[in-house]
Number of protein chains: 4
Amino acid sequence: MNGSTFGNIFKITTWGESHGKAIGVVIDGCPAGLSLCEEDIQKFLNRRKPGQSRYTTKRQEADQVEILSGVFEGKTTGTPISLMVPNTDQRSRDYTEIAESYRPGHADLNYDRKYGFRDYRGGGRSSGRETIGRVAAGAVASKILKELGISLTAYTCAIGPVTIDPRHFDKEEIFRNPLYMPDSQAALRAQECLEQAMKETNSLGGMVECVITGVPAGLGEPVFDKLDATLAKAILSIGAVKGFEIGSGMDAARSTGLENNDGYDTDEQGKPVKITNHSGGITGGISDGAPIIFRAAFKPTPSIAAPQKTINRKGEPMEIRIKGRHDPIIVPRAVVVVESMAALVILDALLGSMTARMDRIKDFFAPLL
Amino acid sequence: MNGSTFGNIFKITTWGESHGKAIGVVIDGCPAGLSLCEEDIQKFLNRRKPGQSRYTTKRQEADQVEILSGVFEGKTTGTPISLMVPNTDQRSRDYTEIAESYRPGHADLNYDRKYGFRDYRGGGRSSGRETIGRVAAGAVASKILKELGISLTAYTCAIGPVTIDPRHFDKEEIFRNPLYMPDSQAALRAQECLEQAMKETNSLGGMVECVITGVPAGLGEPVFDKLDATLAKAILSIGAVKGFEIGSGMDAARSTGLENNDGYDTDEQGKPVKITNHSGGITGGISDGAPIIFRAAFKPTPSIAAPQKTINRKGEPMEIRIKGRHDPIIVPRAVVVVESMAALVILDALLGSMTARMDRIKDFFAPLL
Amino acid sequence: MNGSTFGNIFKITTWGESHGKAIGVVIDGCPAGLSLCEEDIQKFLNRRKPGQSRYTTKRQEADQVEILSGVFEGKTTGTPISLMVPNTDQRSRDYTEIAESYRPGHADLNYDRKYGFRDYRGGGRSSGRETIGRVAAGAVASKILKELGISLTAYTCAIGPVTIDPRHFDKEEIFRNPLYMPDSQAALRAQECLEQAMKETNSLGGMVECVITGVPAGLGEPVFDKLDATLAKAILSIGAVKGFEIGSGMDAARSTGLENNDGYDTDEQGKPVKITNHSGGITGGISDGAPIIFRAAFKPTPSIAAPQKTINRKGEPMEIRIKGRHDPIIVPRAVVVVESMAALVILDALLGSMTARMDRIKDFFAPLL
Amino acid sequence: MNGSTFGNIFKITTWGESHGKAIGVVIDGCPAGLSLCEEDIQKFLNRRKPGQSRYTTKRQEADQVEILSGVFEGKTTGTPISLMVPNTDQRSRDYTEIAESYRPGHADLNYDRKYGFRDYRGGGRSSGRETIGRVAAGAVASKILKELGISLTAYTCAIGPVTIDPRHFDKEEIFRNPLYMPDSQAALRAQECLEQAMKETNSLGGMVECVITGVPAGLGEPVFDKLDATLAKAILSIGAVKGFEIGSGMDAARSTGLENNDGYDTDEQGKPVKITNHSGGITGGISDGAPIIFRAAFKPTPSIAAPQKTINRKGEPMEIRIKGRHDPIIVPRAVVVVESMAALVILDALLGSMTARMDRIKDFFAPLL
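Residues numbered from 1 in each chain as written. Chains lettered and ligands numbered in written order. Predicted model: local features only at pLDDT ≥ 70, side-chain atom pairs only at ≥ 80, totals over all residues. Heavy atoms only, no water.

K.L.:
Describe the environment of Val162 of chain C, listing the residues and the values that go with them.
P.N.:
Positionally, Val162 of chain C belongs in strand β9 (residues 162–163). Between the C-alpha atom of Val162 of chain C and that of Gly105 of chain C, which follows or precedes it by 57 residues, the distance is 23 Å. (Helix = DSSP H or I, 4+ residues; strand = E, 2+ residues; numbered from the N terminus.)

This is the structure:
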């Protein structure tokens, strides 16, 4: 049952392994008439590219995107957009150890059990490189959303024990430090923690938060395709995510109705506004007009050089020390992945909402019939 | 874009409003030859039925299920199973207030904005009664899983400030207290908190945990349809859920690679086993053979009698006190809903895994060709 | 892999067997705000009801529809519409023969091989009664299309050797004769053929044609979801249909490019029009603004009283004479089924077309953002 | 609503325009462990490659396939298989005429109306080159089916007025003449007709027939996803197909029940067999064990050099003569496209049938649990 496709209307299908020829994505259902060039997409890919700081792997990957179809004379045609990123750093290497044994915290053993064997070169399809296709598609979705006045901002809100302080929140700071943290002091403390972890050949986990503004009320479907449910799936589908929460999230479980309910008032234009936003912008699965705010918990990078207990293919216990150039933390490079997945969800819900009401359908078709 | 359908192979479609004629579900894709009777389903429905304790609404709903199709001579036929539960407690009532104003924490205003108007009788489709269809279908899925040796156990693990103590965990206790807590002492303390909240016309949130054993390794798909991503969507699609975590969950963000990785060893039969289970039974989106463990955070019941600020349909500020018979906490009745959604996810992934390998496909068809 | 669901946006799921408690359909994705009552649906169901003439079975089925959900104060709410038709004529009967042997031209043997056993009471799910759900949903789709200026007309165009004469085509005549033929003379000749077939305990096949007007250009998708491809699937999914053709259809294979191409001109308003309509209103899979015209070939009713060779469950050769009250021809009652399936396809394509262009998407959301 | 994806389990997504950089397909859901190399796919592509005879366009397209992902050490890994064919013949050309006017029988005008503009270079997405992706995927599906004992044979059964004579049917002949006709005499007569059409700058239509043997009984779903309905959609989704019929097809409408019903007998092993095969191997939407036989009617190539009436973008009437190197008939190169689409349908139904019965599901999982 496959599972490489995401979305209903703005539908993406990703393909490619970490050490294959290329990684790519096909976007089906992109509206026609959007101005689009490779640079629009490259900007997003550069945010997840390795080698940007000492906290990301030193592997050299150009990650240069190529548009293979769906764009003509600088505009999308409404037909599938095929995007490809060649894998340039496929240096021949000795894979014997990871071919013959199972890395803790990785899917190696599961792949062997599911498929009978696996592409053991660097994780294959379970590699973080798989997210290239998501980010490329997310760049296109974000561009459409931007034209409609919707914008997304994701950032690192915690690394190991260090959490950002809301009082120091500075959106501009996100792109100034290598950790994508909107709090310069927290970023400094987090870097110290990372240095320590690296010294110990260990790794750290962290949290990513995403805020989406300009979302009209009414997106999302009442039951199984609630907007937050779809966001949760999108975010948990990113490797290494172990938790998702929206608005008051896990804290809601410890609060009371009086504390957690968002009362209503009206703004200067007389439009309804919520007094608080414990819902995180989604109530009953449907966007409520307030900013959407959610968080994702990432586990620490499983690939560490410290010795770990495992078994080999014959089932014999052994000790493994994972070599290679691995990020000591997944989070900073995952920020743009979270933002991309969220953009895909919001755009798909937005397009899906167009058929909800007879009056709007009639207005839409009146000039066409 | 609808959204009342869940699952790919074992696919369910729910319908019905809280105060309509009936609530129901159609299961399409149930394998033929399963013994099934109404009692199999009723047992599950009884676990979410109102009126079981003073912590659940006193509304009288028989919630009696009827099998309308798909079962012949006591066995499923492979064709759609239509299940219906009539709404018996539709007492005529004065809905003026909730028709004319917006309840904080509810989807009332969103529905009006999405659809232009709404069924204002008790929440309509956004009511908790919508989960009847999920539980009825979950009962069927659970029965199939049981025949394959897979079992699910969900329970309340926290209510307001009270959390169960793992040292007091007693599976038998779950069905002995009205809160479905596997720790009798925590259950008593939780009841005190609930009494207090009720006195204050307030409500409490809580957490549900679910453990699934007997799941073979290899279920789930590598990318967007990761098993945990699908579980997350299933669980967040339950009204009032604000957070989801699997295995070490949110804590993973604060841990190190050495702490969080699950090393491997072999058991007495020489089969691979994980030394720890921080993954919660799913690694890289694929079941890893260990028990699957996840948690869901529920917000407090939004319907409370205490006065709250809101607006009416004309946009005028007003105060609302929600009358009626509402649960002071959602969690106990939601336990079986969580278990049902999880059963649907696991069964669907199990059936979906049958086509993953050429060798097994050949073995399957050899006697049929 | 189920298969009881049709459509992407206006999505229907049917359930029920011929001799079960009821037959029904759930419509998910119906826009909110459509005026809808049971009579709107009943009118369509009455067109397929048995017992309307001596050429249809004398079984007494009231086929009275009940709306169980999705409509509030006379308008659709945007949530699933559940429609149910109780099976009233479930007289207890001796099913031994069809339980123990396989009727030629029926799916009995296939069901046994696919599912291991079958509901042998009158065809179960493979019965023509399954189309009740389609027609009920088609009535709703047709009502929406009508409000948008799109109308569908299906009729019998051939019965056995008798074909309607285009020169005698009279739309009003369709509802005047029991065969739904738009040519009174052909209808008389067809009735003679049917009398003869009935005398010989035999049955006849026939053709249904459907014309759809008012369809705007631009519906349908370029590749796999071509509008005519989706129509073909919809029509072939009706039991007993063995062929589908659109526009010049099968004759196109025998024509030349010069004959078959539709040239363009402009009408009085300067809008493009096709000079001919060999395409049948769909070119390159996309509606071209001309009326959509297609035909479906139905095989003769397989249930006949004449003796036929078959085998029993033990594999022993035997002769079968099928008793009971069977239509000597399927076509007249299938006319409304064809029209209903076409309405579902056109509506779904219409709703799907709303997201094709950035300019229209921007116009749609401008007042909402 | 996109529409570039086909299949449920063995799911393919095609992309690419006739004059873009490349054409491709992503196969998601291919079972792991299948031996696969580029040559397996190239063999199929060579059958639809232009330039094979004087009846196919003289455009030079190497149509060389490249496997970009999903295959490791010569075997499929279970992850998406990305296949790409570069477009080599993109000679710069003067497209003014087809950019500024609408070719009769083409989708030019529809695309403009649907998307606001179009890729006017040689048809863009509506070009026959789009089928490259289908054939590449069909090659993989056919290889799997072959390993399971299922084989497909498609051929030209009519060109213009010439139809093959069943008495001269010779399977070996199919690959001996440039028209893929299994009757050498008919092939000669058809070539004469084509020469005549070419002299008149005209084109011809024709028919393709496909026979599938070795299909086990029980494939296909009872209602909307009947096996023949899915085949019809697959075949009508090929550009230029105007009609589809299975088994007795259109003739069934003119036959009687006694003539058209397939009686049953048993073979030497005592297994049930049908005495005739008017059903074309599918009864009630489910494969009945007999060979599946269907036919598709193709319209004549719309691109002809003879003068035709049309309009330009300003809506002014004009005359068009389409230059370029066009096939005088679509059918011969479409034979492998029909076969490929049929392979995709059969394989998907086969994989989908694995979850139909509890007894087989239990047998499947017994060794895994």
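K.L.:
Residue-level account of the UniProt feature "binding site: FMN" (unreviewed entry) in chain A, with values.
P.N.:
UniProt feature "binding site: FMN" (unreviewed entry): in the numbering of this structure it lies at Arg125, Ser126, Ser127, Gly284, Lys299, Pro300, Thr301, Pro302, Ser303 and Arg325 of chain A. These residues run over 201 residues, and the two farthest C-alpha atoms among them are 44.3 Å apart, placing them at more than one spot. Summarising the element assignment, Arg125 of chain A is placed in the loop between α3 (108–115) and α4 (131–147). Those residues in contact with Arg125 of chain A, other than ones at most four positions away along the chain, are Ser4, Thr14, Trp15, Gly16, Glu17, Tyr111 and Glu130 of chain A, Pro222 and Val223 of chain B together with Thr79 and Pro80 of chain D. A polar contact of 3.1 Å, which involves the side chain of Arg125 of chain A, links it to the backbone oxygen of Gly16 of chain A. In contact with Ser303 of chain A, other than residues within four places in its own chain, are Arg103, His106, Ile322 and His326 of chain A. In terms of polar contacts, Ser303 of chain A uses its side chain to reach the side chain of His106 of chain A, at 2.8 Å. (UniProt positions renumbered as here; feature names shortened; annotations may be inferred. Contact = heavy atoms within 4.5 Å. Polar contact = N/O pair within 3.5 Å; in protein donor to acceptor, adjacent residues only side chain to side chain.)

K.L.:
For the relation of the copies chain C and chain B, give the residues involved together with the corresponding values.
P.N.:
Mapping chain C onto chain B leaves a residual RMSD of 0.0 Å; the transformation is a rotation of 180° accompanied by 0.0 Å of translation along its axis. What we have between these two chains is a two-fold relation. Here 100% of the interface residues in chain C have copies in chain B that are interface residues too; the copies meet face to matching face. (Least-squares fit on C-alpha atoms with pLDDT ≥ 70 in both.)

K.L.:
Can you lay out the relation of the copies chain B and chain A for me, pointing to particular residues and giving the numbers?
P.N.:
Rotating chain B by 180° and translating it 0.0 Å along the rotation axis places it on chain A, where the RMSD comes to 0.0 Å. Of all interface residues in chain B, 100% are interface residues in chain A too; the two copies therefore contact each other through one and the same surface.

K.L.:
Break down the UniProt feature "binding site: NADP(+)" (unreviewed entry) in chain A for me, with residues and values.
P.N.:
All names here are of chain A. Here the UniProt-annotated "binding site: NADP(+)" (unreviewed entry) positions come out as Arg48 and Arg54. When you line up the elements, Arg48 lands in helix α1 (residues 38–48). For Arg48, the side chain forms a polar contact with the main-chain oxygen of Gly128, separated by 3.5 Å. Examined against the element boundaries, Arg54 turns out to sit in the loop between α1 and β4 (66–69). Those residues in contact with Arg54 that sit more than four places away from it in its chain are Glu195 and Met198.

K.L.:
Let's hear about the confidence of the model for chain A: which residues, and what values?
P.N.:
Chain-level statistics for chain A give a pLDDT mean of 94 and a share of 97% at 70 or above. If you check the scores for this complex, the pTM reads 0.97 and the ipTM reads 0.96. (pLDDT = per-residue confidence, 0-100.)

K.L.:
Please provide a residue-by-residue account of the sheet that holds strand β2 (residues 11–16) of chain A, values included.
P.N.:
The pairing of strands in a sheet comes from backbone hydrogen bonds and takes either a parallel or an antiparallel form. Residue and element names in this part refer to chain A. Spatially, the 5 strands line up as an open sheet ordered β1-β2-β3-β7-β4, and their pairing is antiparallel. On the outer flanks of this sheet lie β1 (5–6) and β4, each paired with one strand and no other. In this sheet, β2 lies alongside β1 in antiparallel orientation, the contact comprising 2 bridges. The residue bridging Thr5 from the neighbouring strand is Thr13, located in β2. Where α4 meets the sheet, it contacts β2, β3 (22–28) and β7 (81–86), and its direction lies at approximately 35° from that of β3. (Pairing = 2+ DSSP bridges. Axes fitted to C-alpha atoms, helices over the stretch in contact; angles between N-to-C directions.)

K.L.:
Quick one: what's the story with the packing of aromatic side chains, residue by residue and with numbers?
P.N.:
A complete count under the given rule lists 34 aromatic pairs over all chains for this structure. On the basis of an interplanar angle of 85° and a centroid distance of 5.0 Å, the ring pair of Phe72 of chain B and Tyr120 of chain C is categorised as edge-to-face. Residue Phe72 of chain B is found in strand β5 (residues 71–72), and its partner Tyr120 of chain C is found in the loop between α3 (108–115) and α4 (131–147); the two belong to separate chains. A residue is classified by how much of its surface remains accessible, and Phe72 of chain B, at 7% relative accessible area, is buried. Judged by its relative accessible area of 22%, Tyr120 of chain C falls in the partly exposed class. Taken together, a centroid distance of 5.4 Å and an interplanar angle of 40° make the contact between Phe224 of chain C and Phe6 of chain D tilted. Taken together, the residues Phe224 of chain C in the loop between β10 (206–213) and α6 (227–236) and Phe6 of chain D in strand β1 (residues 5–6) connect one chain to another. Phe224 of chain C gets classed as buried once you look at its relative accessible area, which sits at 0%. Within the aromatic cluster, the residues linked to one another by ring pairs are Phe364 and Phe365 of chain A together with Phe364 and Phe365 of chain C. Over the aromatic face of Phe44 of chain A sits the side chain of Arg47 of chain A, whose NZ or CZ is 5.4 Å from the ring centroid. (Phe/Tyr/Trp six-rings, centres within 6.5 Å; stacked < 30°, edge-to-face > 60°. Buried < 20%, exposed > 50% of the residue type's maximum accessible area, 1.4 Å probe, protein only. Lys NZ or Arg CZ within 6 Å of the ring centre and 35° of its normal.)

K.L.:
Explain helix α3 (residues 108–115) of chain D to me, and be specific about the residues and the numbers.
P.N.:
Burial analysis of α3 of chain D places 7 of its 8 residues in the buried class, the great majority of the element. Here α3 of chain D has its buried residues at Asp108, Leu109, Asn110, Tyr111, Asp112, Lys114 and Tyr115 of chain D. Where α3 of chain D is buried, its residues meet β12 (264–266), β13 (272–274), β14 (282–283), β15 (286–287) and α9 (358–365) of chain C. Within two residues after α3 of chain D, Gly116 of chain D carries a phi angle of roughly 90°, on the positive side.

K.L.:
I'd like to hear about the pattern of salt bridges, residue by residue, with values.
P.N.:
Taken as a whole and judged by the stated rule, the model has 101 salt bridges over all chains. For Arg118 of chain A, the salt bridge is made with Asp108 of chain A, and the minimal N-O distance between the two is 3.9 Å. Taken together, the positions of Arg118 of chain A in the loop between α3 and α4 and Asp108 of chain A in helix α3 put the pair 10 residues apart, joining distant regions of the chain. The exposure class of Asp108 of chain A is buried, given its relative accessible area of 3%. Between Arg47 of chain D and Glu339 of chain D there is a salt bridge whose closest N-O contact spans 3.0 Å. Within this pair, whereas Arg47 of chain D is found in helix α1 (residues 38–48), its partner Glu339 of chain D is found in helix α8 (residues 331–352), the two being separated by 292 residues in sequence. Residue classification places Arg47 of chain D among the buried positions, given a relative accessible area of 12%. In this structure, a network of salt bridges that share partners links the residues Arg103, Asp108, Asp112 and Arg118 of chain A. (Salt bridge = Lys/Arg side-chain N within 4 Å of Asp/Glu carboxyl O.)

K.L.:
Explain the interface of chain B and chain A residue by residue, including any values.
P.N.:
Each side of the interface is counted separately: chain B has 107 residues, and chain A has 107 residues. For the pair chain B and chain A, the two sides together bury roughly 8300 Å², of which 61% comes from carbon and sulfur. A per-residue breakdown of the area chain B buries against chain A is headed by Phe224, Lys242 and Tyr264 of chain B, which together make up 11% of the total. Of the charged contacts in the structure, one is a salt bridge between Lys233 of chain A and Asp225 of chain B, with a shortest N-O distance of 2.9 Å. (Buried area = accessible area lost by both parts, 1.4 Å probe.)

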